[in-house]
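Inside the fold
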Amino acid sequence: MKKKEILIVDDNAINREALFKILREKYSVLQAENGAEALELLKKKEGISLILLDVTMPVTNGYAFLDKLMEDKELSLIPVIVLTQSGGEEDEVAALTHGATDFVPKPYRPQVMLHRVENIIKLRETAAMVNQLRYDRLTGIYNKEYFFEKVQDKLQENPDKEYCIVCSNIENFKLFNDVYGVDAGDELLKDVARIMLDMVGKGGVCGRFSADRFVCLQEKEREKTDRSNFGKFHAKITPDMKKVTMRWGIYDVTDRSVSVEKMCDRAMLAVNSIKGTYNQYFAVYDDVLRGKLLREKAITDAMENALAENQFVVYFQPKYSLSDDSMAGAEALVRWIHPVWGIVPPNDFIPLFEKNGFISRLDKFVWERSCAFLRGRKEKGKTIVPVSVNVSRVDIYRLNLEEVFPALMEKYGLDPSYLHLEITEGACSENQEEIIATVNNLRKLGFDIEMDDFGSGYSSLSMISKMKLDALKLDMKFVRNETAKPFDHSILSDVVNMAHRLNLRVVAEGVETRGQIRRLQAVGCDYAQGYFFSKPLPAGEFERLLDVQRKKEVVSRVTHPSQDIEIYSVLIADEDDGFREKVSRAFEGEFNAIQVSDAQSATDAVNRYGEGIAAVILSMTLPDDGAEKTMRFLRRESGFWRIPVLATVPTSENKKAMTLALEADDFLCKRHPVFDLRKKAQRLADEAVMHRQMNFLLNQAHHDYTTGLLNRRGLDAAMETLRRENGTFALCIFDLDNLKSVNDTYGHEEGDRMIEAFTNLLKRNIRSDDIAGRYGGDEFVVIFRGTDEETAVKRVNEICEKCRACVIAQNIPMSCSGGIAVCEQGDAPSVAYIERADEALYRAKRENKGFCCVWKRQA
C-alpha cells in the first residue's frame with residue numbers, strides 16, 4: 001500500500017532530519033528549505049496529505065507562504081501544522097488566522113507529533129468524504145440530498161419568511177455535449193452554477209439536482225425581481241456558449257408540510273411544461289398546471305390500451321376544388337373516443353404524443369386505416385379520391401418512410417398518387433438536409449408531398465424552394481387572419497402567386513364562411529377544406545358523401561404539358577440547308593422538325609400545322625425580307641400570334657438582323673453551339689404548350705361539371721367583364737328551397753334530378769346574352785344584361801312560378817326563392833353585387849319564400 005506523503009518546510013536541516021526520523025516509518029517524507037521551493041514542489045507533486053511548516057524562515061516568511069497557499073483553490077485544502085520556537089498565544093492566533101490547521105510549539109515529543117499528524121490526516125480524509133456526500137464534485141455547490149437537508153433547515157429557521165423553489169434546465173444539453181464536447185459541457189455547468197449562486201444571494205440555498213438541472217431556494221421578493229431577467233441569464237454565460245437556452249420553473253412555498261423533494265418536483269414540472277416553447281423562459285407551478293399535468297399523465301397512462309382497444313378512430317374531412325365545387329380529396333384525421341372521457345380533443349393528446357414519441361405508432365395506425373378504406377372502395381368499384389395523411393417530425397427521424405409507405409402501397413394494392421403525405425411546416429425547421437432527402441425520395445416513389453400549416457409561424461420559405469413539393473396547405477389561422485384584412489393589406493394573394501410560380505397547388509384549411517370562400521377564389525386558391533363544406537366525418541358518413549360524386553377520376557398532380565400529348569413540331573426556317581439539318585438532328589425524339597427555306601413555305605407550314613407548332617426557329621437573313629414577312633404573318637393572324645419565335649442571326653454585328661431579332665421572343669447567334677439553341681427553343685416551346693393547355697384547363701375550370709353552367713370562377717370572370725363594360729344589369733341568386741329535404745328524404749339521386757330540372761328551366765327562360773351559373777350546391781346565379789329593377793323582378797318571379805309548377809319523379813314539387821341586386825353604373829366592386837343579392841335572397845326566404853326580394857341601399 002502506497003504511503004501518504006508529508007512535506008516538511010524548514011530552513012534548518014537538523015529540524016528536518018529529526019522530523020524525518022519520526023515520520024519515515026509510516027509516511028513518505030518530502031523536504032523543502034523555504035517557501036518558494038515548497039510552492040514549486042507542490043505545483044509539480046499531487047497527493048500531498050499534510051504540510052509541516054516552520055514560520056521563521058529567512059527567504060519566504062512562513063505566514064507569507066500560508067497566504068500564497070490559501071490563494072490557490074486546490075492547495076488551500078491541504079492541512080498545515082505550524083511549528084515554531086515560540087509557544088505564545090499571539091503566535092498561535094497568527095498562525096491559525098493565516099490558514100493553519102494546527103499549531104505545535106518546539107520542542108515537541110515525537111509520539112505526540114506522530115499522533116497529531118495521524119489525527120489531522122484522518123480528519124482531512126473524513127472531511128473530504130463528507131464533502132463528497134454534501135457537495136457536487138464538478139460545480140462545488142450542494143448535491144441533491146444535502147440541498148434538501150439545508151432547505152429544510154432554512155425553512156424551519158425562518159418560519160415567517162416567504163420562499164420559493166426555482167429549478168433551471170438547459171435546453172438540449174445532450175446535443176450541446178455531442179457538438180462541443182464534454183469539457184465544454186462541464187464549463188457550461190460551472191457557469192450555470194455560478195449564475196444560480198449569484199441569483200440566490202446570501203439568503204438562499206443552491207444545489208445541483210441532476211446532470212443539467214439546478215435548483216435553489218430563494219427569498220420570494222428576490223425571485224419576483226429576477227423573473228423579468230430569466231430570458232437574459234444566457235448573456236452571463238461564457239461568450240462562446242451564449243446560444244444556450246435556459247428554462248426556469250418556480251414553485252411558491254405555501255405549504256411547508258410538503259417535503260422539499262416534492263417541492264422540487266413541482267418546480268421541475270413547471271419547467272417541463274415550457275420545454276421547447278419559443279420565447280417563454282419561466283413557468284410557475286399552480287393549480288391549473290397541476291390539473292394539466294395530471295391530465296397529461298392520465299392520457300399517457302391510457303394511450304397504449306386505447307390503441308389496443310380501437311378507441312382511436314379515423315375521420316375524413318373532404319377537400320373541395322374552388323373552381324368547380326367538386327370533391328378533390330380528403331384529409332385523414334384521428335379522433336379518440338374514450339369509454340369514460342368521451343371524445344378527447346386532438347389538441348389534448350397529439351402534442352403530448354409528439355413529445356413522448358407515441359405519435360409514430362398512432363400515425364402508422366392512421367396510414368393503415370386510410371389505405372384499408374381506399375382499398376375497400378377500390379374493390380367495390382367505387383369512386384376513389386386521394387387521402388392526405390399527416391407525417392410528423394418524429395416519423396421522419398424514427399421510421400424509414402422510404403420503406404414504410406411503398407410497403408403499404410403493395411399491401412393494399414394502391415397507387416402512391418392516392419396517398420398524399422402532409423409534412424408540417426414546423427418539421428422543416430430542423431435537420432433540413434435529412435428532411436429534404438426524405439421528401440425528395442418519397443416524391444420519386446410517386447407520393448404527393450404537401451407542406452401543412454404554412455403560415456403558422458416558422459420560416460420555411462427557403463425550404464419550399466429547396467424541397468420538391470406538390471402542394472402548399474395554408475394554416476387555418478393564417479387563412480382566417482388574411483381573409484379578414486383589406487386586399488391591399490393582405491399577403492394572401494402574394495402567397496398563392498408564389499406557390500403557383502413554383503407549380504404548387506394551394507389548399508386553404510379551416511374555411512368556415514362564404515366570405516372566406518369568395519376571397520380565396522378571388523386570389524386563385526385551388527382547393528379548400530373546413531366546416532363551410534363539411535366537418536370531419538366518420539368513414540361511413542364520408543363514404544355516403546363520396547358516393548354522390550359524379551366525377552370518377554381525380555387528378556392528383558398537374559401533368560407537365562409536354563407529357564401525355566401528341567408530339568409537337570418545331571418549324572426551322574433558314575436559308576442554310578446544313579444549319580437546318582444540324583438543328584433538326586438536335587430535336588430528334590422530342591419534336592417533329594419541319595424544315596423550310598423561305599417565307600412562303602414558312603406561312604404554308606404554319607397554316608397546315610397550326611397550333612401543333614410549338615416554336616419557330618427563324619433566320620433573320622431569310623431571302624427577300626422573308627424574316628420580316630414571316631414575323632408579320634405570325635403576329636397578324638389571331639390563331640398564331642402565341643407561337644413563340646426564336647430568331648437566329650449570323651453575327652451580332654448585323655444591325656438589320658439584330659433590330660428585327662429584338663421583336664422575337666428570344667434570339668441567338670448562329671456561332672453558338674446547337675445545344676444552346678436547343679435549350680432556348682425547348683424553353684419557348686414548353687412555355688407555349690403549357691400556355692395552351694392552361695387555356696384549355698381554364699375553360700374547363702370556368703364551368704360546373706354537373707350542369708354545364710358557369711361555376712364561381714366563371715361567374716367572377718363574367719362579372720369582371722361586365723364591370724369593365726360599365727353597363728346596366730340585374731344579378732339574381734336563386735336558391736332551391738327544398739333541395740336539402742329532398743336529399744335527406746329521397747336521396748341524392750333525386751336531389752340531382754331536381755338540380756338538372758332547374759338548370760333546364762333556367763336555360764329555357766333566359767336570353768342568349770344573359771349569363772347563368774351554379775354558385776353552390778343549391779344556389780344559381782343569373783345576370784340579366786340591360787335590365788332594370790322592375791323587369792328583373794318580373795322575370796325572376798316568372799321563373800319562381802314556373803319552378804313551383806315543376807314536379808320531378810315521385811311527385812316531388814319544386815320551389816325556389818330569389819334575391820336581386822341591380823347594378824347602378826358600376827357603383828361597387830363586382831363581388832358586392834353577389835353579397836347584395838345574397839342578402840336579398842335570405843330576406844326572401846325569411847319573408848317571401850317562393851318569390852323574390854330586391855336589395856335596397858340603407859338610408
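Small disclaimer: the values here were computed from a predicted structure and weren't measured.

Right, let's talk about helix 12 (residues 346-356) for a bit. Taken together, the buried positions of helix 12 are occupied by Phe 349, Leu 352 and Phe 353. For helix 12, the angular spread of the buried residues around the axis is 100 degrees, confining them to a single face. Seen from the open side of helix 12, the exposed residues pointing more than 90 degrees away from its buried face are Asn 347 and Lys 355. Residue Gly 357 follows helix 12 closely and has a positive phi angle near 90 degrees.

Let us look at the nonpolar core. Within the largest apolar cluster, 78 residues are counted, with the highest numbers of intra-cluster contacts made by Phe 312, Phe 353 and Phe 405. If one sorts the elements of this core by residue count, helix 13 (residues 359-379) sits on top with eight residues. Discounting residues that sit within four places of it in the chain, Phe 353 has contacts with Ile 299, Met 303, Phe 312, Trp 336, Phe 358, Ile 359 and Leu 362. Core analysis: the second largest hydrophobic core is formed by 31 residues, Phe 758, Ile 766, Val 796 and Ile 799 among them.

Looking now at the sheet that holds strand 1 (residues 4-9). Within the open sheet, the five strands sit side by side as 2-1-3-4-5. Their pairing is parallel. This sheet does not close on itself; its edge strands, each paired only once, are strand 2 (27-32) and strand 5 (102-105). Sheet twist, expressed as the average angle between the axes of neighbouring strands with direction ignored, equals 20 degrees. The sheet contacts of helix 3 (residues 62-71) involve strand 3 (48-54) and strand 4 (80-84), and relative to strand 3 the element is tilted by about 155 degrees.

On to the confidence of the model for the chain. In this model, the chain carries an average pLDDT of 83, and 88% of its residues clear a pLDDT of 70 or more. Note that residues 550-566 has pLDDT below 50 and, in this model, 34 contacts with residues that lie over four places away or in other chains.

Position of Gly 62 among the secondary structure elements: in helix 3. Note on Gly 62: relative accessible area 0%, which makes it buried. On a C-alpha basis, the gap between Gly 62 and His 98 in space is 9.6 Å, while along the polypeptide they are 36 residues apart.

Conventions and cut-offs
- Residues numbered from 1 in each chain as written.
- Predicted model: local features only at pLDDT ≥ 70, side-chain atom pairs only at ≥ 80, totals over all residues.
- Heavy atoms only, no water.
- Buried < 20%, exposed > 50% of the residue type's maximum accessible area, 1.4 Å probe, protein only.
- Helix = DSSP H or I, 4+ residues; strand = E, 2+ residues; numbered from the N terminus.
- Arc of directions from axis to C-beta.
- Core = buried A, V, L, I, M, F, W, Y, C linked by side-chain atoms within 4.5 Å.
- Contact = heavy atoms within 4.5 Å.
- Pairing = 2+ DSSP bridges.
- Axes fitted to C-alpha atoms, helices over the stretch in contact; angles between N-to-C directions.
- pLDDT = per-residue confidence, 0-100.

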